[in-house]
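Here's the letter readout for the chains.
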Amino acid sequence: MSSIAHDPAHGHGHDDHAHHPTGIMRWIATTNHKDIGTLYLWFSFIMFLSGGVMALTIRAELFQPGLQIVQPEFFNQLTTMHGLVMVFGAIMPAFVGFANWQIPLMIGAPDMAFARMNNWSFWLLPVAAILLIGSFFAPGGASAAGWTLYAPLSVQMGMGMDMLIFAVHIMGASSIMGAINIVTTILNMRAPGMTLMKMPLFCWTWLITAYLLIAVMPVLAGAVTMLLTDRHFGTSFFNAAGGGDPVLYQHVFWFFGHPEVYIMILPAFGIISQIIPTFARKPLFGYASMVYATASIAILSFIVWAHHMFTTGMPAAGQLFFMYATMLIAVPTGVKVFNWIATMWKGSLTFETPMLFAVGFIFVFTIGGFTGLICAITPIDVQIQDTYYVVAHFHYVLVAGSLFALFAGAYYWIPKWTGHMYDEGLGKLHFWCSMVFFNVTFFPMHFLGLAGMPRRIPDYAVQFTDFNAIASVGAFGFGFSQLIFLVIVLKCIKGGKKAAARVWDSADGLEWTVPSPAPYHTFETAPVVK
Amino acid sequence: MFLASSAYATDSRYNLQTPVTQIAQQVYDLHTIMMVVCLVIFVAVFGVMFYSIYAHRKSKGAVAAQWHENTTVEVLWTIIPVFILLGMAWPATKTVLAMKDTSNSDITIKATGYQWKWGYDYLKGEGEGIRLVSNLSTPRDQIDGGKQSERSQSSYLLEVDDPLVVPVGKKIRILTTANDVIHAWWVPAFAVKQDAIPGFIRDTWFRADKEGIYRGNCAELCGKDHGFMPIEVHVVSAEKYATWVAERKKVAAAVAEDPSKKYTLAELKAKGQKAYDANCVACHQASGKGLAPAFPALDGSKIATGPIAEHVGIVLNGKAGTAMAAWKQLSDTEIAAVVTFERNNWGNAVGDMVQPSDIKAARGGAQLAASPMPALAKEAPTESATTAASDALPAKLYFRVGKAALPADAMDAVKAVAEFLAAKPEAKVDITGYTDQSGSLDKNLELAKERAKAVRDALAGAGIAEDRIHMKKPEAVTGGGDNREARRVEINPAS
């Protein structure tokens, strides 16, 4: 990553700050937000590939009926770890990587507020990842209780479960520290003149996300701690024989789990809201309503958790309340989609790779939004809960949503990070392969779920054969398409067309006022925003 | 690729299964309406977007406008969706209320989830008292490495050895609970999915309008064989149902086990093999080698070759913190047989055995909790475990729901305690009443007290002086699967 190293040609009067360690120590000891952002992004990409290998093993087993490749117990370990690795290892750290790189650049701050804590937040993650992946090699293997770790099944698990609980604690600590850092940076370190309502929308969505993280990560820590004491210290939080209740676990977990869904999608909304105006050459439509919509989604996310539990047997009043509250989320989400489309309307559109991914995001994410609305209707949810319909739904919002937004953002800002343009042809290939194979993989799952195929099963009834075969083919196509992205990034780091300071002709924002690649230290003197 | 046949033939592979209950029909229609509304909005919104992509391109010379807000439009596209949502919520609410109304059922059946099978108890209505267990009947070797052509029938993985049978057109209330972890009882054609939660009872209902065979699966991840515990429901005419009930009752009477019957080693081993194949083989494997490390080997294991009491204990009560569940639901004969089988099969040749009567004693239950384990003989048929006086305490007496009257079957225990006290004139006892926690706490505690008093009176009636009996404070507790543990009175040596 030498291209990110400080280039003395862009001297800015503080060369003494540039004497940082080189080699491996640079990365271990770094307190620079750009270095740490880079570390987060590489870490998340490695985890993305690991989680992807697990997904492909699952899809290979499901290619046809019968057990061919893995045994049921290991299959359950794979589904569990695929979920955890993708959520906590790939998607969340990737967004934190974007926050590290972009927030100081976008608000005109020299670095994050707590630079040393920033280093600590990152370096906790590889430790957690080693615990998580290492649990496959523990006696009994990794946890096979599903990523939701429902009690009492998770109480039955072996030592891999304890490793997982410890890993979740560590990742939670890392997330909380990262969130505190982001909140403090945004609230205290904005350039003079940048009022909150002038802030780029990416910073707004991250500010709100950071509050969500601080609110719910301790709840998850509490849930897994109760699991731990139930497992080893004789408590009975989730054991009816001791006066506890297994459903309590689900309430606590989903009180974390539903805001978590928005933690993974709100920053994606932010990225898309930066990209669409640039390539429409037109200001974002309804900036203020975007901010309010984001805040409403965050607030609503705290009162809808039990829609994950419609089949636990809650009273009718409970089912109705959570159904109505969940349906309400469609309103602010709809506002966002309408705003993006209104931004494009009467613009002057071009379709470079970031824009392709952004438009692809709006299109496919909205399908996930509609299936979310269908899942919100309690009687329908009773039919499709724990089926492949739900699997399709959340992959539409997490892959076509969060992941596509991450790709869009990566293509949008990588010239700023490396100083080189990426290979546009390969970028478009990456988009079209991802888009097509994504839909080939996940669209048939709607049919499987409706027709009655449960999720988390290693073998299935024969009438589900053809759609499973199609999904498996799509999954391998999607998986290998991501190697194109790796090639593009490596090529872009090594060389390519020099990128200008303002990489995109109508891009707006402070990050485009510094040279490309962004110097090691930026905004040591705060810019003034008018 | 195989085309579905028989039961699934009429089902679309692109949509919900053909409904056979009114609720399922409502759900089906709701889904159709939602799909149509969503599709219309989708086409309208993305029609606009794709038109913009087509018409407002820079390459076509489009010049960007610079407007960026319009309050009227923004208010409109906030308000209109709210009304659309209200329109969707109305029919959905009606269906929710109908789904939750489990009152006035004709037949009540308890479905218990086990790792990994379903047990059914007909609790109320025609067929009351019938109990059956549905195991996956697809052969294991067809799943593991069988040829695809062998799997081409539509019931692959959706077939059981002993299906649930219900009459057509009757309201069937299903109570769900579980023995180990959370399961979910799901039959798509009925639009019924209800989690089965260990230690709790939940309920749901259906009224099937059409005779036929309907299939479903466990829908909540419940461990290794979650994918292999199907549900098969046969909906039959009222006459056929009556015939089935009569047959069941006859068979049940014929095979009713004599609990004091003594079996030979060979008989026990043969019965044990059957019980093992139905219950244990999924984890411990036919070879007895298990699947290390989660599912330990029985062949040569310390438990299966060690003291027999411990072996029985682990089968009866399971092992906390592991996947080994309690197998209390098996009959005394089955447990005796399977334990004997495990000790004398594969490389194990302990040579001892255990009889059903010993298991009955080991369970405690309505009789006295037996501790230590009754003597277990080698090779020769065991003697019936006589209740030694010292085993009389502690005793547990179980009451009926909401009743404080001492049930007849608890009188033996009272007698045993009375004999024990008569033999040991210096001994004193504590009596504690328990109830469950549902309903008013005050009422429950009053009930617990009444139960404890009933026991005291019975002891007094057997000639025990009241000053030797100390009444402890009543307690409300949660008490396991059917709350039986919560309906007890305990007699303990005085503390």
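Remember, it's a predicted structure, so these values are computed and weren't measured experimentally.

### Examining the overall build of chain A
In step 1: Within chain A one finds 17 helices and zero strands.
In step 2: On C-alpha atoms alone, chain A measures out to a radius of gyration of 23 Å, which is about the 24 Å that the 2.2 N^0.38 rule sets for 530 residues.
In step 3: Judged by the C-alpha coordinates and their principal axes, chain A covers about 70 × 50 × 45 Å.
In step 4: Burial status across chain A gives 71% buried among its 530 residues.
In step 5: Long-range contacts, defined here as pairs at least 24 residues apart, represent 82% of the contacts in chain A between residues at least 6 apart.
In step 6: Just so you have it, chain A exposes about 15,700 Å², and 73% of that area is on carbon and sulfur atoms.
In step 7: Taking the 21 positively charged and 22 negatively charged side chains of chain A as two groups, their mean positions are separated by 11 Å.

### Quick look at the overall build of chain B
In step 1: Each helix and strand in chain B was counted, giving twelve helices and 15 strands.
In step 2: At a minimum sequence separation of 6, the contacts of chain B that also span at least 24 residues come to 68%.
In step 3: About 22,700 Å² of surface is accessible on chain B, with carbon and sulfur atoms providing 58% of the total.

### Remarks on the nonpolar core
In step 1: Of all hydrophobic cores here, the largest spans 278 residues; its most connected members are Phe88, Trp206, Trp340 and Phe361 of chain A together with Tyr122, Trp185 and Phe190 of chain B.
In step 2: A per-element tally of this core places helix 3 (residues 72-107) of chain A first, with 21 residues.
In step 3: Excluding its chain neighbours within four sequence positions, the residues that come into contact with tryptophan 185 of chain B are Ala111, Trp118, Tyr120, Leu164, Ile174, Thr176, Val192, Lys193, Gln194, Phe206, Ile231 and Val233 of chain B.

### Some thoughts on the state of the cysteines
In step 1: Under the criterion given, the structure shown has zero disulfides over all chains.
In step 2: No disulfide involves cysteine 375 of chain A; its nearest neighbouring cysteine sulfur is the one of cysteine 38 of chain B, lying 11 Å away.
In step 3: A residue is classified by how much of its surface remains accessible, and cysteine 375 of chain A, at 10% relative accessible area, is buried.
In step 4: There is no disulfide at cysteine 218 of chain B, and the cysteine sulfur nearest it, in cysteine 222 of chain B, is 3.9 Å away.
In step 5: Residue classification places cysteine 218 of chain B among the buried residues on the basis of a relative accessible area of 1%.

### A look at the packing of aromatic side chains
In step 1: Counted under the stated rule, the structure contains 71 aromatic pairs over all chains.
In step 2: Taking 5.5 Å as the distance between ring centres and 65° as the angle between the ring planes, the aromatic pair formed by phenylalanine 269 of chain A and tryptophan 340 of chain A counts as edge-to-face. Note that phenylalanine 269 of chain A is positioned in helix 9 (residues 266-280) and tryptophan 340 of chain A in helix 12 (residues 330-344), a separation of 71 residues in sequence.
In step 3: Note on phenylalanine 269 of chain A: relative accessible area 2%, which makes it buried.
In step 4: Ring plane angle 70° and centroid distance 5.6 Å describe the contact between phenylalanine 341 of chain B and tryptophan 346 of chain B, whose orientation is recorded as edge-to-face.
In step 5: With a relative accessible area of 2%, phenylalanine 341 of chain B lands in the buried category.
In step 6: Looking at arginine 26 of chain A, its charged tip hangs above the ring of tryptophan 27 of chain A, at a distance of 4.3 Å from the centre.
In step 7: Directly above the ring of phenylalanine 228 of chain B sits arginine 140 of chain B, whose terminal nitrogen or CZ lies 5.4 Å from the centroid.

### Quick notes on the domain arrangement of chain B
In step 1: Under the domain assignment used here, chain B contains domain 1 (6-56 + 71-100), domain 2 (107-140 + 155-255), domain 3 (265-370) and domain 4 (386-493).
In step 2: With centres defined by C-alpha atoms, the gap from domain 3 of chain B to domain 4 of chain B works out at 31 Å.

### Considerations on the confidence of the model for chain B
For residues with low pLDDT, the predicted coordinates do not support detailed interpretation.
Residues and elements named next belong to chain B.
In step 1: Across chain B, pLDDT averages 83, with 89% of residues at or above 70.
In step 2: Below pLDDT 50 for its whole length, residues 1-9 participates in 18 contacts with residues either more than four positions away or in separate chains.
In step 3: Taken together, the stretch residues 365-389 has pLDDT below 50 and engages in 56 contacts with residues farther than four places along the chain or on a different chain.
In step 4: Taken together, the chains of this predicted complex give a pTM of 0.80 and an interface ipTM of 0.91.

### Some details on the side chain of glutamate 220 of chain B
In step 1: As for its placement among the helices and strands, glutamate 220 of chain B is situated in the loop between strand 9 (212-216) and strand 10 (231-236).
In step 2: Buried charge without a salt bridge: glutamate 220 of chain B, with arginine 456 of chain A as the nearest opposite-charge side chain at an N-O distance of 4.4 Å.
In step 3: In this structure, glutamate 220 of chain B is in contact with Tyr150, Asp386 and Arg456 of chain A together with Ile182, His183, Ala184, Asp195 and His226 of chain B, ignoring residues within four places of it in sequence.

### Some details on the pattern of salt bridges
In step 1: Counted according to the given criterion, the structure contains 18 salt bridges over all chains.
In step 2: The salt bridge partner of aspartate 162 of chain A is arginine 231 of chain A, with a shortest N-O separation of 2.8 Å. On the criterion of sequence distance, the pair formed by aspartate 162 of chain A in helix 6 (residues 159-188) and arginine 231 of chain A in helix 7 (residues 201-232) is long-range, its members being 69 residues apart. The same class applies to aspartate 162 of chain A as to arginine 231 of chain A, namely buried.
In step 3: The salt bridge partner of arginine 140 of chain B is aspartate 225 of chain B, with a shortest N-O separation of 3.0 Å. Highlighted residues: arginine 140 of chain B in helix 3 (residues 140-143) and aspartate 225 of chain B in the loop between strand 9 and strand 10, separated in sequence by 85 residues.
In step 4: Several salt bridges share partner residues, and in doing so they unite Arg281 and Asp505 of chain A together with Lys58 of chain B into one network.

### A short note on unusual backbone geometry
In step 1: Of note, the amide linkage connecting alanine 151 of chain A to proline 152 of chain A takes the cis form, showing an omega dihedral of 0°.
In step 2: Relative to the helices and strands, proline 152 of chain A resides in the loop between helix 4 (115-134) and helix 5 (153-156).
In step 3: Cis geometry is adopted by the peptide bond preceding tryptophan 116 of chain B, which originates at glutamine 115 of chain B and carries an omega value of 0°.
In step 4: Secondary-structure assignment places tryptophan 116 of chain B in the loop between strand 1 (107-114) and strand 2 (117-124).
In step 5: The phi dihedral of arginine 456 of chain A is positive, around 60°, even though this residue is not glycine.
In step 6: Under the relative-accessibility criterion, arginine 456 of chain A is labelled buried at 9%.

### Section: the UniProt feature "domain: Cytochrome oxidase subunit I profile" (unreviewed entry) in chain A
In step 1: The feature "domain: Cytochrome oxidase subunit I profile" (unreviewed entry), as given by UniProt, occupies residues 27-530 of chain A in the numbering adopted here.
In step 2: Across residues 27-530 of chain A, the secondary structure splits into 69% helix and 0% strand, with the terminal C-alpha atoms separated by 36 Å.

### A short note on the side chain of asparagine 32 of chain A
Residues and elements named next belong to chain A.
In step 1: Checked against the element boundaries, asparagine 32 lands in the loop between helix 1 (24-29) and helix 2 (33-61).
In step 2: Using a relative accessible area of 4% as the deciding quantity, one classes asparagine 32 as buried.
In step 3: Separated by 2.7 Å, the side chain of asparagine 32 and the backbone nitrogen of lysine 34 make a polar contact.
In step 4: In this structure the side chain of asparagine 32 is engaged in a polar contact, spanning 2.8 Å, whose partner is the backbone oxygen of tyrosine 520.
In step 5: The contact partners of asparagine 32, leaving out residues within four places of it in the chain, are Asp111, Tyr520 and His521.

### Side note on the interface of chain B and chain A
In step 1: Contacts between the two partners involve 98 residues from chain B, matched on the other side by 105 residues from chain A.
In step 2: Note on chain B versus chain A: buried area summed over both sides is about 8,600 Å², and carbon and sulfur give 69% of it.
In step 3: Our count for the chain B to chain A interface comes out at two salt bridges.
In step 4: As a salt-bridge pair, aspartate 466 of chain A and arginine 13 of chain B come within 2.3 Å of each other at their nearest N and O atoms.
In step 5: Our count for the chain B to chain A interface comes out at 27 residue pairs in polar contact (both at pLDDT 80 or more).
In step 6: Secondary structure elements with two or more residues in the side of chain B that touches chain A: helix 1 (22-55), helix 2 (71-100) and strand 7 (192-196) of chain B.

Conventions and cut-offs
Each chain carries its own residue numbering, running from 1 in the direction its sequence is written. Here the convention is simple: chains get letters from A, ligands get numbers from 1, in the order in which they are written. Local features in a predicted model are, by the rule used here, given only for residues with pLDDT of at least 70; side-chain atom pairs are given and counted only at 80 or more, and totals for whole chains, interfaces and linings are based on all residues. Based on all heavy atoms of the structure, the side-chain values leave hydrogens and waters out of the count. Helix and strand assignments follow DSSP, with helices taken as H or I runs no shorter than four residues and strands as E runs no shorter than two, numbered in order from the N terminus. Throughout, radius of gyration means the C-alpha value; the globule benchmark is 2.2 Å times the number of residues raised to the power 0.38. Here the term buried applies to any residue with accessible area under 20% of the maximum for its type, exposed to any over 50%, and partly exposed to those in between, with areas from a 1.4 Å probe on protein chains only. Contacts are assigned to residue pairs that have any heavy atoms within 4.5 Å of one another. To be clear on the numbers: accessible area is Shrake-Rupley with a 1.4 Å probe, and residue cover counts the displayed protein chains and nothing else. In summary, the charge assignment counts Lys and Arg as positive and Asp and Glu as negative, without counting His or the chain termini. Working definition for charges: the position is that of NZ of Lys, CZ of Arg, CG of Asp or CD of Glu. Throughout this description, the term nonpolar core refers to a set of buried Ala, Val, Leu, Ile, Met, Phe, Trp, Tyr and Cys residues connected via side-chain atoms within 4.5 Å. Defined by distance alone, a disulfide is two cysteine sulfur atoms within 2.5 Å. Working definition: rings of Phe, Tyr and Trp (its six-membered ring) pair if their centres are within 6.5 Å, and the pair is stacked with planes under 30 degrees apart, edge-to-face with planes over 60 apart, and tilted otherwise. We call a charge positioned over a ring when the NZ of a Lys or the CZ of an Arg lies within 6 Å of the ring centre and within 35 degrees of the ring normal. What counts as a domain boundary in this text is fixed by an automatic or database domain assignment. The quantity called pLDDT is the predictor's confidence in a given residue, expressed from 0 to 100. Any Lys or Arg side-chain nitrogen located within 4 Å of an Asp or Glu carboxyl oxygen qualifies as a salt bridge. UniProt positions are given in the numbering used here, feature names are shortened, and annotations may be inferred rather than shown by experiment. For the purposes of these results, a polar contact is taken to be a pair of N or O atoms within 3.5 Å, where, inside protein, one atom must be able to donate a hydrogen and its partner to accept one; residues adjacent in sequence count only when each atom of the pair is a side-chain atom. Summed over both partners, the accessible surface that disappears when two parts come together, traced with a 1.4 Å probe, is what is meant by buried area.

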